[in-house]
Amino acid sequence: MARLLLNLGIIGYFGLFLLAAVALGGYWTGDRQQPQQPIAFPHTVHAGTLQLACEFCHRYAKQSRRAGVPSLTRCMSCHQTLAAEREEIKKLTRIFEAGQPLHWNRVYRLPDFIYFSHKRHVRGGVPCAACHGDVARMKTVRQVRSLEMGWCLACHRDLGAPTDCTTCHN
Amino acid sequence: MPVVPAAYLPLFTILLGAGQLLQLLWTAALVGGMLFSLVVLLQAQRHRDPLRMGCARELSRRLPANGLFGPLYWLLAAVNLAAVYSRYRPPFLTPPFLGSALVLLAGALTLLFFYRRLLHRQRSAGIPLLVGTAGLLLLLGTLVLFACGGAALLNPEYWPHLDYNPLHFLSWNALARLLLFLALALPLSGAALLSGSQSAPPDLQPYLVRRGMLLAVPGLLLLPPGVLFVLVTLPVIARTPLGALLSAAALLVALPLCLQLCHRLREGRDLAGRPLLAAVTLIVLLVGLGDVLSREQVWADGTVLARQTVSAGAEQQPAVPVAQPVGPGAQLFRAHCAVCHRFDKRLVGPPLLEVLPRYRGRSDALQQFIRQPVKRDPDYPAMPALELRQEEIAALAAYLLDRLEQH
């Protein structure tokens, strides 16, 4: 009886933590930090080889809270002739011609109660790579910053930006 | 220290990971063995027990820091630190940090050397106990530095801010690593004790075996919370499913070990040392490999550049940038043309300085081309119509011809 109880106790104890570790592993799988996109858009080519400025496509970064993703018209202005034979571009063209929207998967997601403005940061001289990493080397863009409050505050304090609660919290 | 060339990076990373796993195993055996030796010595002093005194001597004789092992261990730590610096360039690996870590380690190893000498020469336990405790504390001091450094390597987003607030160097993950290390060190040294007990003097053997088993159990019981504590305190960008699964696999290996040990202890039976040592080594390697994977997850895809630019960008650019007066033509060029054209080099389209001269003084022809591009050179793809308004086309043409004159 005592042997059985000891067995059960140890197995239960290890099992609990084992389950928790497996559950964490399961929770971390999938697209949480590096979502696959409907079109395999290579930043390595556009931001890397072609060295396009980020604002060439993310046009509102300097003027608005949101950096924005480019409209399909913008993609097609080049791709109606360029690399038109490639499978991904054909897919893009089909979506464009059907007049459908392209549902890009969001990579960076802030909670609803956070007020964040791209305009403030870009105009304040924070380079895009400070938060987004070296996207020119990422085949599929992934989240490279935790977006935790401590990280925001460290930078705000370092650069003398405001640290009032209401600066970021609605 | 040279930067590692990109071509050798995977090989270098594997070697670095192997070096760190070796150091982890070595340190765990050293710390566990030393801790146990001191506990036995303390009991020997309290009970004036020659058996325990002999046991403490036997343990100190087996520490993996004796003879050549001490300098070799120090060298391994120094090489690992240099390799980490080469690979990741962390700003906290400054000469004072490196110096203090290596001096602390050298001090700890020297004290451990004297501990063994004193223990074998002196009859009383007092002075060796003092020297040994000081050595172990110094060793634990270096471990704190290594644990904090290891945790900070997973958190490069805080590096630019270390100058402002050095407390960023401390983290819950570092504390979790220390706990986990202890949970690995105890069973490893316990298993080493068991497997090496046969070569000990016969009167010490039962005592060593029993203590070895007793030492391994609390370590194994500490392992599950230690593993989970490390996992939940990992920075978001360091979380990898495979790392979590490796930790789970380590627990899966530890479970039957713990069951066996508890039953054998309860029934007063011995356990074979070598299989236990092999299993505990496997647990240490699984946990260590999870750590290496987490770090590589953080360091993939050029995160390095991001941490370099956050402060560099802030220094180079004024807090309130001075607005450059940019004409509508320049803006249009940036928005519509710059994706394919540069003035001085071929991109998607030809260098503009090569094709624009034919439009010198012929703004109308240039405007017509922009309005309705015609494929001229078979070397290049056809230029798409940009669907601009007439006044935009005129501004763009004026800007292009103006730039041509400036060159």
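Residues numbered from 1 in each chain as written. Chains lettered and ligands numbered in written order. Predicted model: local features only at pLDDT ≥ 70, side-chain atom pairs only at ≥ 80, totals over all residues.

A.B. asks: Please clarify how the overall build of chain A should be interpreted in this entry.
C.D. replies: Looking only at helices and strands, chain A features nine helices and zero strands. The helix and strand sequence of chain A, counted from the amino end, reads α-α-α-α-α-α-α-α-α. Relative to the 2.2 N^0.38 estimate, which gives 15 Å for 170 residues, the radius of gyration of chain A is 22 Å and therefore markedly larger than a compact globule would have. In terms of overall dimensions, chain A has C-alpha extents of about 80 × 45 × 30 Å along its principal axes. Across the 170 residues in chain A, those meeting the buried criterion constitute 23%. For chain A, long-range pairs separated by at least 24 residues make up 66% of all intrachain contacts whose partners lie at least 6 apart in sequence. (Helix = DSSP H or I, 4+ residues; strand = E, 2+ residues; numbered from the N terminus. Rg over C-alpha atoms; globule rule 2.2 N^0.38 Å. Buried ≥ 20, exposed ≤ 12 C-beta atoms within 10 Å, placed from the backbone. Contact = placed C-beta atoms within 7 Å.)

A.B. asks: Help me out: how do you make sense of the overall build of chain B in this one?
C.D. replies: When its secondary structure is counted, chain B shows 14 helices and zero strands. Listed by position from the N terminus, the elements making up chain B come as α-α-α-α-α-α-α-α-α-α-α-α-α-α. Taking 2.2 N^0.38 as the reference for a compact globule, 407 residues should give roughly 22 Å; the C-alpha atoms of chain B span a radius of gyration of 32 Å, well beyond that estimate. A burial count over chain B gives 39% of its 407 residues as buried. Expressed as a percentage of contacts within chain B between residues at least 6 apart in sequence, the contacts between residues at least 24 apart total 76%.

A.B. asks: Got a minute to help me understand the packing of helix α1 (residues 2-28) of chain A against helix α7 (residues 205-232) of chain B in this structure?
C.D. replies: If you want to describe how two helices pack, look at the angle between their axes and the distance between the axes. Axis separation between α1(A) and α7(B) bottoms out at 9 Å; the angle between their running directions is 20°. In this view, α1(A) runs roughly parallel relative to α7(B), as classed from their interaxial angle. In the packing of α1(A) onto α7(B), the handedness of the crossing is left-handed. Of the residues in α7(B), those touching α1(A) at Tyr13(A), Phe14(A), Phe17(A), Ala20(A), Ala21(A) and Leu24(A) are Pro224(B), Pro225(B), Val227(B), Leu228(B) and Leu231(B). (Axes fitted to C-alpha atoms, helices over the stretch in contact; angles between N-to-C directions. Parallel < 35°, antiparallel > 145°, perpendicular 65-115°, else oblique. Left-handed = near helix turned anticlockwise from the far one by under 90°.)

A.B. asks: Would you take a moment to explain helix α14 (residues 390-406) of chain B for this structure?
C.D. replies: Three- or four-residue spacings in an α-helix give side chains the same orientation, since the helix completes a turn every 3.6 residues. Taking 1.5 Å per residue as the helical rise, α14(B) with its 17 residues ought to reach 24 Å, and the 24 Å between its terminal C-alpha atoms agrees with that figure. The inward-facing, buried residues of α14(B) contact α11 (328-337), α12 (352-355) and α13 (363-371) of chain B. (Expected span 1.5 Å × (residues − 1).)

A.B. asks: Help me understand the confidence of the model for chain B in this model?
C.D. replies: Note that predicted coordinates carrying low pLDDT should not be read in detail. Residues and elements named next belong to chain B. Per-residue pLDDT for chain B averages 84, and the proportion of residues at 70 or more is 93%. By mean pLDDT, the top-scoring element of chain B is α13 (92), and the lowest-scoring one is helix α10 (residues 303-316) (47). Overall, residues 304-309 carries pLDDT values under 50, and its contacts beyond four positions in sequence, including any with other chains, amount to 16 contacts. Under a pLDDT of 50 for its full length, residues 311-324 has, in the predicted model, 14 contacts with residues more than four places off or in other chains. Both scores are available for the predicted complex, with the pTM at 0.76 and the ipTM at 0.74. (pLDDT = per-residue confidence, 0-100.)

A.B. asks: Looking at this structure, I do not really get the interface of chain B and chain A. What am I missing?
C.D. replies: You'll often see interface size given as the accessible area lost when the parts meet. On the side of chain A, 46 residues touch chain B, which itself brings 52 residues to the contact. Here the side of chain B that touches chain A gets 13 residues from one element, more than from any other, and that element is helix α8 (residues 241-267) of chain B. For the side of chain B that touches chain A, a count of residues per class yields 38 nonpolar, 11 polar and three charged. (Nonpolar A, V, L, I, M, F, W, Y, C, P; charged D, E, K, R; others polar.)

A.B. asks: Looking at this model, I keep getting lost on the environment of Gln63(A). Mind explaining?
C.D. replies: Residues and elements named next belong to chain A. One can find Gln-63 in the loop between α3 (54-57) and α4 (72-79). Exposure remark for Gln-63: the 14 C-beta atoms within 10 Å place this residue in the partly exposed category. Remark: the alpha-carbon pair of Gln-63 and Lys-119, spanning 56 residues in sequence, is separated by 5.4 Å.

A.B. asks: Teacher, can you tell me more about the packing of helix α2 (residues 50-61) of chain B against helix α4 (residues 95-121) of chain B here?
C.D. replies: All names here are of chain B. Running from N to C, α2 and α4 point in directions that differ by 145°, and their axes come no closer than 10 Å. Note on packing geometry: the crossing formed by α2 with α4 is left-handed. From α2, Ala-56, Arg-57, Ser-60 and Arg-61 reach across to α4, where they touch Tyr-115, Arg-116, Leu-119 and His-120. Across the contact of α2 with α4, the residue classes tally to three nonpolar, two polar and three charged.

A.B. asks: Looking at this structure, I do not really get the environment of Leu366(B). What am I missing?
C.D. replies: Residues and elements named next belong to chain B. Tracing the backbone through its elements, the reader meets Leu-366 in helix α13. As a C-alpha pair, Leu-366 and Leu-136 span 230 residues in sequence and 80 Å in three-dimensional space. Residues contacting Leu-366, with those up to four places away along its chain left out, are Tyr-359, Ala-397, Leu-400 and Leu-401.

A.B. asks: Would you mind going over the environment of Glu85(A) with me for this structure?
C.D. replies: All names here are of chain A. Summarising the element assignment, Glu-85 is placed in the loop between α4 and α5 (87-97). On the basis of neighbour count, Glu-85 is assigned to the exposed category, with 7 C-beta atoms found within 10 Å. Along the primary structure Glu-85 and Met-149 are separated by 64 residues, whereas in three dimensions their C-alpha atoms are 45 Å apart.

A.B. asks: Sorry if this is basic, but what is going on with helix α1 (residues 9-47) of chain B here?
C.D. replies: Look at α1(B): 56 Å from first C-alpha to last across 39 residues, which is about the 57 Å you get at 1.5 Å a residue. Positive backbone phi, approximately 50°, marks Arg48(B), located one or two places after α1(B).

A.B. asks: Please explain the nonpolar core as it appears in this structure.
C.D. replies: Nonpolar side chains in soluble globular proteins tend to be buried together. Counting residues in hydrophobic clusters, the biggest one holds 98 residues, and the most contacted among them are Ala21(A), Leu184(B), Val227(B), Leu251(B) and Ala254(B). Sorting elements by how many residues they give to this core places helix α6 (residues 172-196) of chain B first, with 14 residues. Residues in contact with Ala254(B), not counting those within four places in the same chain, are Phe14(A), Leu220(B), Leu223(B) and Ile283(B). Counting residues in hydrophobic clusters, the runner-up holds 14 residues, among them Cys54(A), Ala129(A), Ala136(A) and Met138(A). (Core = buried A, V, L, I, M, F, W, Y, C linked by C-beta atoms within 7 Å.)

A.B. asks: Looking at this model, I keep getting lost on unusual backbone geometry. Mind explaining?
C.D. replies: Negative phi characterises most residues that are not glycine, and trans characterises most peptide bonds. You will see that Leu147(A), though not glycine, has its phi angle at about 60°, which is positive. In this structure, Leu147(A) sits in the loop between α7 (129-132) and α8 (149-159). With a phi angle near 50°, Arg48(B) is a residue other than glycine that sits in the positive phi range. Within the secondary structure, Arg48(B) is located in the loop between α1 and α2.

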